[in-house]
Amino acid sequence: MPDRDDDSLAFYLSLDLRAEAVWPPARLRILAGWRCRLDRGVTRRANSVLAAGWRASGGSAALSTDLEAVEKLYLSSELPPCFQIMPHVQPAGLDDALA
């Protein structure tokens, strides 16, 4: 397992991206840097947002706006919004914003 935080982030992200490549969702949308995976299957991973890649540019207001856009995307696809959150890919403040 990698020692540095940057290496750890890359390691865990690469694992998830490999899982996505092996079992891809029917649709993939990149929204605010997040990987929005949309599928009609039974797994949450294939129907969840991988909370990696988002970079706060406008603070909490930008996060709220992006969360609303994700919610709208999932609800328009008749899916519940669901975030896959791991400590290594979590944007600051995401847990509080989702609570």
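Just so it is clear, the structure is predicted and the values come from calculations on it, not from any experiment. (Residues numbered from 1 in each chain as written. Predicted model: local features only at pLDDT ≥ 70, side-chain atom pairs only at ≥ 80, totals over all residues. Heavy atoms only, no water.)

A. Molecular detail of the overall build of the chain. Looking only at helices and strands, one finds three helices and four strands in the chain. Along its sequence from the N terminus, the chain presents helices and strands in the succession α-β-β-β-α-β-α. Of all 99 residues assigned to the chain, the portion counted as buried reaches 34%. Once local pairs closer than 6 in sequence are excluded, the contacts in the chain between residues at least 24 apart make up 50%. Of the roughly 6,200 Å² of accessible surface on the chain, 54% is carried by carbon and sulfur atoms. (Helix = DSSP H or I, 4+ residues; strand = E, 2+ residues; numbered from the N terminus. Buried < 20%, exposed > 50% of the residue type's maximum accessible area, 1.4 Å probe, protein only. Contact = heavy atoms within 4.5 Å. Areas by Shrake-Rupley, 256 points an atom, 1.4 Å probe, with all protein chains shown as cover.)

B. Quick peek at the side chain of N47. Among the secondary structure elements, N47 is positioned in the loop between strand 2 (34–38) and strand 3 (49–50). Polar side-chain contacts of N47 include one of 2.7 Å to the backbone nitrogen of D39. Setting aside its immediate chain neighbours within four residues, N47 contacts R37, L38, D39, R40, G41, Y74, L79, P80 and C82. (Polar contact = N/O pair within 3.5 Å; in protein donor to acceptor, adjacent residues only side chain to side chain.)

C. Summary view of the packing of aromatic side chains. Enumeration over the complete set of coordinates arrives at three aromatic pairs. Ring geometry for W34 against W54: centres 5.7 Å apart, planes inclined by 25°, an arrangement best described as stacked. Taken as a pair, W34 in strand 2 and W54 in the loop between strand 3 and helix 2 (59–76) lie far apart in primary sequence, 20 residues in all. Given a relative accessible area of 0%, W34 falls into the buried group. Through a chain of ring-to-ring contacts, three or more aromatic side chains come together here, namely W34, W54 and F83. (Phe/Tyr/Trp six-rings, centres within 6.5 Å; stacked < 30°, edge-to-face > 60°.)

D. Local environment of the nonpolar core. Counting 16 residues, the largest nonpolar core has W34, C36, V49, V70, Y74, F83 and L94 as its most contacted members. Elements represented by at least two residues in this core include exactly strand 2 and helix 2. No other element matches the six residues that helix 2 contributes to this core. (Core = buried A, V, L, I, M, F, W, Y, C linked by side-chain atoms within 4.5 Å.)

E. Just unusual backbone geometry, in detail. The backbone of A32 sits at a positive phi, close to 55°, despite the residue not being glycine. Topologically, A32 is positioned in the loop between strand 1 (27–31) and strand 2. Given a relative accessible area of 33%, A32 falls into the partly exposed group.

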